[in-house]
Amino acid sequence: MKSKEMVCIVCPLGCKLEIEAIDEAEGKYKIEGYKCPRGEEYGINEFTNPTRVLTSTVKIKGAHLKRLPVKTNGVISKYLIKECMEEINAVEVEAPVKMGDVIIANILDTGVDITASRSM
Amino acid sequence: MLHYDVVVIGGGPAGLAAAIEAKKNGIDSILVIERDRELGGILQQCIHNGFGLHVFKEELTGPEYAERFIIELEEMGIEYKLDTMVLSITKDKKVTAINTSDGLMDIDAKAIVLAMGCRERTRGAINIPGSRPAGVFTAGTAQRFVNMEGYMVGKKVVILGTGDIGLIMARRMVLEGAEVLGVLARRSYPAGLTRNVVQCLEDYNIPLLLSHTVVGIEGKDRLKGVIIAQTDKNRRPIAGTEKYVECDTLLLSVGLIPENELSKGAEIELDDATGGPIVNESMETSAEGIFACGNVVHVHDIVDWVTEESQRAGKSAAKYVKNQLHSDSIEVYTQAGTGIGYVVPQRIKLDHIENALSLFMRVDKIYKDIHIVVKADDKPIKKIKKVFSTPAEMETVKVPMHILKGQEVKKITVEIQNEEA
């Protein structure tokens, strides 16, 4: 049966969680080690669909710096980070750019955009 | 001679917040002096997210957090000078600064806010023996090269130090195609936040080597490898455990030092425990009318607290200029007791406190199930329970003013007590 041990990162306590899938189709999990409801929720999300905000940079021309910081404007699956980085690395933009400008729309069909983290 | 009511030294998060707050409190003549080519300070290279949870109730990247304040500063019409280096300040609030367009400037200020931040400890500060090849960087320098200047610093990387910058750079190096062979902690636990250990190291299968350090550096022109060794419980290397690791880059994340050369020049009293100026509840230093805030006072782990502290400094500077910050009241001293590394502010004028006295501190090691106890002289006046406390996270205790009112107090001590006590 699928199971996992992890450290909860919701707060500095760092509870050691143990999660086991009882019936994934039914969404039933056995989770131990958490001390609060937020920890329980984190553990199950991290077990079933871990997500992250990805931040990186893209090349920029015509600005005072050579790199523009960017981020996903929502969370993406942890397992898509590598592929996302390949898309991000293929992009080159030209100044001026405004904070919040979409640099790559709907990256890898996730519904999430890559946006500029600053104006330049 | 130029004249300003408030001169803010440093245009990072501390300086920006202090200047904005001074303006909001009725001061129009403000100058922010920044040595870099743009405002925002180190936030501009911290492209990861997690900033602003307390101030903005959302998770921003460093540049986004900076830009919100820069926009506000510009909209308020606050004057600033970039590429400008402050050479000295004096006790009587004269600032000497220089840049290539104005030349040498003598500035007379009614109040000064010190917001110079901190700098990284280097290889020299921790005395790693060996040759002196290229490829040894502090983590922050590497962060600036990679995230702003567009230079990759290396391909096979070892990171010494598990401060948050080291952990974040480990992830960043992997995302940019490098191999991170390991992140070494001299202690038996990582110095940074658990969240960063999980999301920066575990997510990318980067080895975390606890109780390890670097004892040698090899290579002639470029770094060829480092010698690592295990450490004992006193964090000293254990003879016979040395191992050679081939790598071309060593990043150091081994601590930050408040940058106080200017403060020393003005004979401002510094605290050995924080490395920053001794300040009072209004963030005023030992020099009247000179205030300080942010990492120049004590190294913060969260920028939100820098903002909050700097707003207090900016507000106090405005009050001082308007002659509303009387200086004749009696000062009470704070003291770090058992288990506490330092307490800020170090001095308190009780009659300046509006609602509650906020004390900021760090514990000296990891504790579980403790109480943080505040004592007025020897009498406990506030006790808070902590299930977990780590030096990596600043602790705050607020003592409501009504508890302290009318008491003859000379010294306020903060200490930790075990659950049973």
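Residue numbering note: each chain is counted from 1, following its sequence as written. Throughout, the order in which chains and ligands are written sets their labels, letters from A for the former and numbers from 1 for the latter. This being a predicted model, a pLDDT of at least 70 is required before a residue's local features are given, and a value of 80 or more before pairs of side-chain atoms are given or counted; all residues contribute to the totals for chains, interfaces and linings.

Colleague: Explain the overall build of chain A here, please?
Modeller: Each helix is a run of H or I in the DSSP string that is no shorter than four residues. Each strand is a run of E no shorter than two, and both are numbered from the N terminus. The secondary structure content of chain A amounts to 2 helices and 10 strands. Ordered by position from N to C terminus, the α and β elements of chain A give β-β-β-α-β-β-β-β-α-β-β-β. All radius of gyration figures rest on C-alpha atoms, and the globule criterion is 2.2 Å times the number of residues raised to 0.38. Taken over C-alpha atoms, the radius of gyration comes to 18 Å for chain A, far larger than the 14 Å a tight globule of 120 residues would show. In terms of its C-alpha atoms, chain A occupies a principal-axis envelope of roughly 55 × 30 × 20 Å. Whether a residue is buried, exposed or partly exposed is read from the other C-beta atoms within 10 Å of its own C-beta, which are placed from the backbone; 20 or more gives buried, 12 or fewer gives exposed, and intermediate counts give partly exposed. Scored against the burial criterion, the 120 residues of chain A give a buried share of 28%. Two residues form a contact once the distance between their C-beta atoms, set from the backbone, is within 7 Å. Put simply, 44% of the contacts in chain A that link residues at least 6 apart link residues at least 24 apart.

Colleague: Teacher, can you tell me more about the UniProt feature "domain: FAD/NAD(P)-binding" (unreviewed entry) in chain B here?
Modeller: Under the UniProt annotation, the feature "domain: FAD/NAD(P)-binding" (unreviewed entry) is placed at residues 4–300 of chain B. Its end C-alpha atoms 29 Å apart, residues 4–300 of chain B is made of 22% helix and 29% strand. UniProt positions are given in the numbering used here, feature names are shortened, and annotations may be inferred rather than shown by experiment.

Colleague: Sorry, what's going on with the sheet that holds strand E14 (residues 212–218) of chain B here?
Modeller: Strand pairing within a sheet occurs via backbone hydrogen bonds; the two strands may be parallel or antiparallel. Residues and elements named next belong to chain B. Any two strands with at least two DSSP-identified bridges between them are counted as paired. Ordered in space as E14-E15-E16, the 3 strands form an open sheet in which the pairing is antiparallel. Only two strands of the sheet have a single partner each, and these edge strands are E14 and strand E16 (243–246). Here the strands of the sheet are splayed against their neighbours by 35° on average, with no regard to which way each runs. The pairing of E14 with strand E15 (residues 225–230) spans 6 bridges and is antiparallel. Across the sheet, the residue bridging to Val-214 is Ile-228, located in E15. Angular values range over 0 to 180 degrees, each being the angle between N-to-C directions of two axes fitted as lines to C-alpha atoms, with helices fitted over their stretch in contact.

Colleague: Honestly, the packing of helix H4 (residues 139–149) of chain B against helix H5 (residues 164–175) of chain B in this entry has me stumped. Any pointers?
Modeller: Residue and element names in this part refer to chain B. The interhelical angle for the contact between H4 and H5, taken along N-to-C directions, is 35°, at an axis separation of 9 Å. As H4 packs across H5, the resulting crossing turns out to be left-handed. Residues Ala-139, Gly-140, Ala-142, Gln-143 and Val-146 of H4 touch H5, and the partners they reach there are Ile-165, Gly-166, Met-169 and Arg-172. Only Asp, Glu, Lys and Arg are considered charged, only Ala, Val, Leu, Ile, Met, Phe, Trp, Tyr, Cys and Pro nonpolar, and every remaining residue, Gly among them, polar. Here the residues of the contact of H4 with H5 sort into 5 nonpolar, 3 polar and 1 charged. Handedness of each helix crossing follows the sense of rotation of the near helix against the far helix: counterclockwise by less than a right angle gives left-handed, clockwise gives right-handed.

Colleague: Would you mind going over the domain arrangement of chain A with me for this structure?
Modeller: The extent of an interface is frequently quoted as the accessible surface area lost upon association of the parts. We note that the domain assignment places domain 1 (3–48) and domain 2 (55–116) within chain A. Computed over C-alpha atoms, the centres of domain 1 of chain A and domain 2 of chain A are 31 Å apart. Domain delimitation in this document rests on an assignment produced automatically or drawn from a domain database.

Colleague: How should the interface of chain B and chain A be read in this particular structure?
Modeller: Counting residues at the interface gives 22 residues for chain B, matched by 23 residues for chain A. For the side of chain B that touches chain A, the element with the most residues is helix H6 (residues 194–201) of chain B, which contributes 4 residues. When grouped by side-chain class, the residues that make up the side of chain B that touches chain A number 7 nonpolar, 8 polar and 7 charged.

Colleague: Honestly, the nonpolar core in this entry has me stumped. Any pointers?
Modeller: Within soluble globular proteins, side chains that are nonpolar generally end up buried alongside one another. Residues and elements named next belong to chain B. Core analysis: the largest hydrophobic core is formed by 86 residues, its most contacted members being Val-6 and Val-113. Counting contributing residues per domain, this core is built from domain 1 (1–120 + 256–327) and domain 3 (329–421), each supplying no fewer than three. Apart from the residues within four sequence positions on either side, Val-6 is in contact with Ala-22, Ile-27, Ile-30, Ala-109, Lys-110, Ala-111, Val-113, Ala-317 and Val-321. By size, the runner-up hydrophobic cluster in this structure holds 40 residues, among which are Leu-160, Met-169, Leu-184 and Leu-201. By definition, a nonpolar core groups buried Ala, Val, Leu, Ile, Met, Phe, Trp, Tyr and Cys residues that connect through C-beta atoms lying within 7 Å of each other.

Colleague: Would you mind going over the sheet that holds strand E21 (residues 340–344) of chain B with me for this structure?
Modeller: Residues and elements named next belong to chain B. Strand order in the open sheet formed by 3 strands is E21-E23-E26, with antiparallel pairing between adjacent strands. Across the chains shown, the open sheet's two edge strands, defined by having one partner strand only, are E21 and strand E26 (395–400). Recorded for the sheet is a direction-independent mean angle of 30° between the axes of neighbouring strands. Note: strand E23 (residues 356–363) against E26, 6 bridges, orientation antiparallel. For Phe-360, the partnering residue across the bridge sits in E26 and is Thr-396.

Colleague: Hey, could you run me through the environment of Gly289(B) in this one?
Modeller: Residues and elements named next belong to chain B. Structurally, Gly-289 can be placed in the loop between helix H7 (261–265) and strand E19 (290–292). Take Gly-289: there are 20 C-beta atoms within 10 Å of it, and that puts it in the buried class. In sequence terms Gly-289 and Glu-395 are 106 residues apart; their C-alpha atoms lie 28 Å from each other. With sequence-adjacent residues up to four places away left out, Gly-289 is seen in contact with Lys-93, Lys-110, Ala-111, Ile-112 and Tyr-320.

Colleague: Help me understand unusual backbone geometry in this model?
Modeller: Backbone geometry follows two general trends: most residues other than glycine have a negative phi, and most peptide bonds adopt the trans configuration. Each neighbour pair has its own omega, and for Ala95(A) with Pro96(A) the value is 0°, a cis peptide bond. Inspection of the secondary structure puts Pro96(A) in the loop between strand E8 (92–94) and strand E9 (102–104). Although it is not a glycine, Asn127(B) adopts a positive phi angle of roughly 50°. Here Asn127(B) lies in the loop between helix H3 (123–126) and strand E10 (136–138). One non-glycine residue, Asn205(B), adopts positive backbone phi at about 50°. For Asn205(B), the position within the fold is in the loop between H6 and strand E13 (208–209).

Colleague: Before we go on, may I ask you to explain the environment of Ile114(A) in this structure?
Modeller: All names here are of chain A. Tracing the sequence through the fold places Ile-114 in strand E10 (residues 114–116). Here the alpha-carbon distance between Ile-114 and Thr-55, two residues 59 residues apart in the chain, equals 8.8 Å. What Ile-114 contacts, discounting residues up to four positions off in sequence, is Val-70, Thr-72, Ile-88, Ile-103, Ile-104 and Ile-107.

Colleague: What is the right way to look at H5(B) in this model?
Modeller: Two residues of an α-helix separated by three or four positions point the same way, owing to the 3.6 residues in each turn. Residues and elements named next belong to chain B. In this model H5 runs 17 Å from its N-terminal to its C-terminal C-alpha over 12 residues, within 8% of the 16 Å that 1.5 Å per residue would give. With 12 of 12 residues buried, H5 is to be regarded as a mostly interior element. Those residues of H5 that sit buried are Asp-164, Ile-165, Gly-166, Leu-167, Ile-168, Met-169, Ala-170, Arg-171, Arg-172, Met-173, Val-174 and Leu-175. An expected span of 1.5 Å times one less than the residue number is assigned to each helix.

Colleague: Explain the pairing of strand E20 (residues 331–336) of chain B here, please?
Modeller: Looking down a regular strand, the side chains alternate between one sheet face and the other. Residue and element names in this part refer to chain B. A one-sided burial pattern is seen for E20, the buried positions being Val-332, Thr-334 and Ala-336 and the unburied ones Glu-331, Tyr-333 and Gln-335. Looking at chain direction, E20 and strand E22 (residues 347–349) are connected through 3 bridges and run antiparallel. Looking at E22, one finds that Val-332 is bridged to Ile-348. With 4 bridges connecting them, E20 and strand E27 (residues 411–418) associate as parallel partners. Paired with Gln-335 across the bridge in E27 is Thr-413.

Colleague: Could you clarify how one ought to interpret the pairing of E23(B) in this entry?
Modeller: Residue and element names in this part refer to chain B. A large share of E23 lies buried, amounting to 6 of its 8 residues. Here E21 pairs with E23 via 4 bridges, running antiparallel. Looking at the pairing, Val-344 lines up with Phe-360 of E23.

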